[in-house]
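Breakdown of the fold
So you can see what is in the structure, the chains are spelled out below.
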Amino acid sequence: MSERTSTLTPEHTPSTAWRGSAPILAASVLWGSTGTAASLAPAGTSAAAIGSAGLALGGLLLFVTGRGHRMRAGVPERWLLLLGAGAVAGYPVTFYPAVARTGVAVATVIALGSAPVFAGLLAWLTGRGRPSARWRAATGLAVIGCAVLVMGSRFGNATPIDLLGILLAACAGLTYAVYSLIGGTLITRGHASGSVMGIMFGVAGVLVLPVVATSDPIWLTTPRGLAVALHLAFFTTFLAYRLFGYGLRHTTVASATTLTLAEPAVAALLGVTVVGERLPVLSWCGLVVLGAGLAVLTFPVKRRKPLLPTHFRHL
């Protein structure tokens with residue numbers, strides 16, 4: 001299929017549904033490795049600097065590889081690209097400080113749990129239609145499962161609530177929803193997904209360079225630090241967002257942001273298998289509920305054929 005075609009979404013046919021959900025779920029698997037990879041960075045490295053370095057390098061890769069498709073954008077679309085780039089740059093500078101203040105569990109729940117809600121509201125406010133009942137049910141299950149999954153390990157841990165950290169995590173969810181909506185809008189208008197993602201992330205990479213430069217970038221010269229930065233750049237930014245951009249051609253932004261709730265599930269499983277962490281029974285239950293919510297969106301329901309011919313149904 002051409003890079004510039006079809007505005008069909010997975011609600012139209014089962015084949016388009018899988019072409020939209022599969023790459024987005026694959027991107028979520030790659031994003032799920034972010035926490036494990038970042039934990040291997042040299043001790044004392046700023047969390048915001050780690051995320052910004054990955055975005056800067058990955059954004060450059062997306063920009064260079066996306067230049068093969070020329071993007072003829074008018075003035076309004078250029079402003080959309082700039083707004084999207086600002087939202088992309090805003091994610092690491094809000095999410096990683098939120099992690100530092102509230103912990104990975106709380107920040108992940110609020111950022112990823114709020115993103116599909118923000119996406120649904122923004123899509124509705126911008127005239128893309130009211131979210132379907134199926135999306136609302138799937139998102140509800142996924143958000144509840146995500147919350148139970150990551151909060152299960154904190155059961156009985158009376159850690160004080162950091163309001164600023166919660167606000168930063170919610171801002172991260174909003175920035176994610178904004179650049180997803182802008183990217184989806186431009187892609188469905190016929191622009192190549194590689195060009196859209198390349199421009200937004202390339203500009204965003206430039207915007208976060210001061211964060212890297214002012215956070216003692218000496219860690220990037222160490223073998224471990226460089227390996228972490230390259231992993232974040234290639235796998236969790238370049239490859240993941242190429243998959244995400246392709247998936248946006250075949251699914252709605254609201255559904256896409258809900259599907260990315262698979263990320264904390266992957267992160268939890270990597271923590272168990274790679275880091276050696278243990279999940280309590282409550283977290284495993286949340287994992288099952290989260291999987292059920294994602295399955296509702298991933299596997300389309302086949303429409304039943306009418307029992308009567310069309311000309312008899314109105315009699």
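Residues numbered from 1 in each chain as written. Predicted model: local features only at pLDDT ≥ 70, side-chain atom pairs only at ≥ 80, totals over all residues. Heavy atoms only, no water.

**Let's talk about the packing of aromatic side chains**
What the rule picks out here adds up to 13 aromatic pairs. Ring geometry for Phe234 against Phe235: centres 5.0 Å apart, planes inclined by 90°, an arrangement best described as edge-to-face. In this structure an aromatic cluster arises from ring pairing among Trp31, Tyr91, Phe95, Tyr176, Tyr179, Phe201, Tyr241 and Phe244. (Phe/Tyr/Trp six-rings, centres within 6.5 Å; stacked < 30°, edge-to-face > 60°.)

**Some details on helix α10 (residues 223-248)**
When the terminal C-alpha atoms of α10 are compared, their 35 Å separation across 26 residues agrees well with the 38 Å that a helix rising 1.5 Å per residue should span. In the structure, α10 departs most strongly from a straight axis at Ala240, where the bend amounts to approximately 30°. (Helix = DSSP H or I, 4+ residues; strand = E, 2+ residues; numbered from the N terminus. Expected span 1.5 Å × (residues − 1). Bend = angle between axes of the 7 residues up to and from the residue.)

**As for a nonpolar patch on the surface**
On the surface, a cluster of nonpolar side chains totalling about 510 Å² of accessible area is made up of Val75, Trp79, Leu82, Val203 and Leu207. Secondary structure elements with two or more residues in the nonpolar patch: α4 (75-102) and α8 (193-207). The element best represented in the nonpolar patch is α4, accounting for 3 residues. Looking at where Leu207 falls in the secondary structure, it is placed in helix α8. Note on Leu207: relative accessible area 46%, which makes it partly exposed. (Patch = residues over 30% accessible without salt bridge, like charges linked within 9 Å, V, L, I, M, F, W, Y side chains within 5 Å. Areas by Shrake-Rupley, 256 points an atom, 1.4 Å probe, with all protein chains shown as cover. Salt bridge = Lys/Arg side-chain N within 4 Å of Asp/Glu carboxyl O. Buried < 20%, exposed > 50% of the residue type's maximum accessible area, 1.4 Å probe, protein only.)

**Things to note about the confidence of the model for the protein chain**
The predicted model of the protein chain has a mean per-residue pLDDT of 78, with 78% of residues at 70 or higher. Below pLDDT 50 for its whole length, residues 304-315 participates in 2 contacts with residues either more than four positions away or in separate chains. (pLDDT = per-residue confidence, 0-100. Contact = heavy atoms within 4.5 Å.)

**Topic: helix α7 (residues 163-188)**
With 26 residues, α7 ought to run about 38 Å at 1.5 Å a step, and its terminal C-alpha atoms sit 37 Å apart, in line with that. Looking one or two residues past α7, Gly190 carries a phi angle of roughly 110°, positive in sign.

**Things to note about the nonpolar core**
With 54 residues, the main nonpolar core has Phe95, Phe201 and Phe244 as its most contacted residues. Those residues in contact with Phe201, other than ones at most four positions away along the chain, are Leu55, Gly59, Leu62, Val88, Tyr179, Thr237 and Tyr241. Counting residues in each nonpolar core, the second largest holds 10 residues, with Ala41, Ala49, Ala229 and Leu232 among its members. (Core = buried A, V, L, I, M, F, W, Y, C linked by side-chain atoms within 4.5 Å.)

**So, the environment of Gly113**
In this structure, Gly113 sits in helix α5 (residues 104-125). The class for Gly113 is buried, based on a relative accessible area of 9%. With 30 residues separating them in the primary sequence, Gly113 and Val143 have C-alpha atoms 5.3 Å apart. Ignoring any residue separated from it by four or fewer positions in sequence, one finds Gly113 in contact with Thr108, Val143 and Leu261.

**Things to note about unusual backbone geometry**
Excluding glycine, a negative phi dihedral is what most residues carry, and trans is how most peptide bonds are arranged. Backbone geometry at Asp216 places phi at a positive 55°, although glycine is not the residue there. Within the fold, Asp216 resides in the loop between α9 (209-213) and α10.

**What about the environment of Gly202?**
Looking at the element boundaries, Gly202 is found in helix α8. The contact partners of Gly202, leaving out residues within four places of it in the chain, are Gly59, Phe63 and Met197.

**Quick word on the packing of helix α3 (residues 47-65) against α10**
Between two packed helices, both the angle of their axes relative to each other and the distance between the axes serve to describe the pair. Between α3 and α10, the least distance of the axes is 8 Å, while the angle of their chain directions is 50°. Classified by the angle their axes make, α3 and α10 are oblique. Here the hand of the crossing between α3 and α10 comes out right-handed. Together, Ile50, Gly54, Leu55, Leu57, Gly58, Gly59, Leu61, Leu62 and Thr65 of α3 and Val228, Ala229, Leu232, Ala233, Phe234, Thr237, Phe238, Tyr241 and Arg242 of α10 make up the contact between the two elements. Residue classes in the contact of α3 with α10 are distributed as 12 nonpolar, 5 polar and 1 charged. (Axes fitted to C-alpha atoms, helices over the stretch in contact; angles between N-to-C directions. Parallel < 35°, antiparallel > 145°, perpendicular 65-115°, else oblique. Left-handed = near helix turned anticlockwise from the far one by under 90°. Nonpolar A, V, L, I, M, F, W, Y, C, P; charged D, E, K, R; others polar.)

**Quick notes on the packing of α4 against α7**
Contact geometry of α4 with α7 gives a least axis separation of 7 Å together with a crossing angle of 150°. By the angle between their directions, the pair α4 and α7 is classed as roughly antiparallel. Considering only the axes of α4 and α7, their crossing is left-handed. Looking at side-chain class alone, the contact of α4 with α7 contains 20 nonpolar, 6 polar and 2 charged residues.

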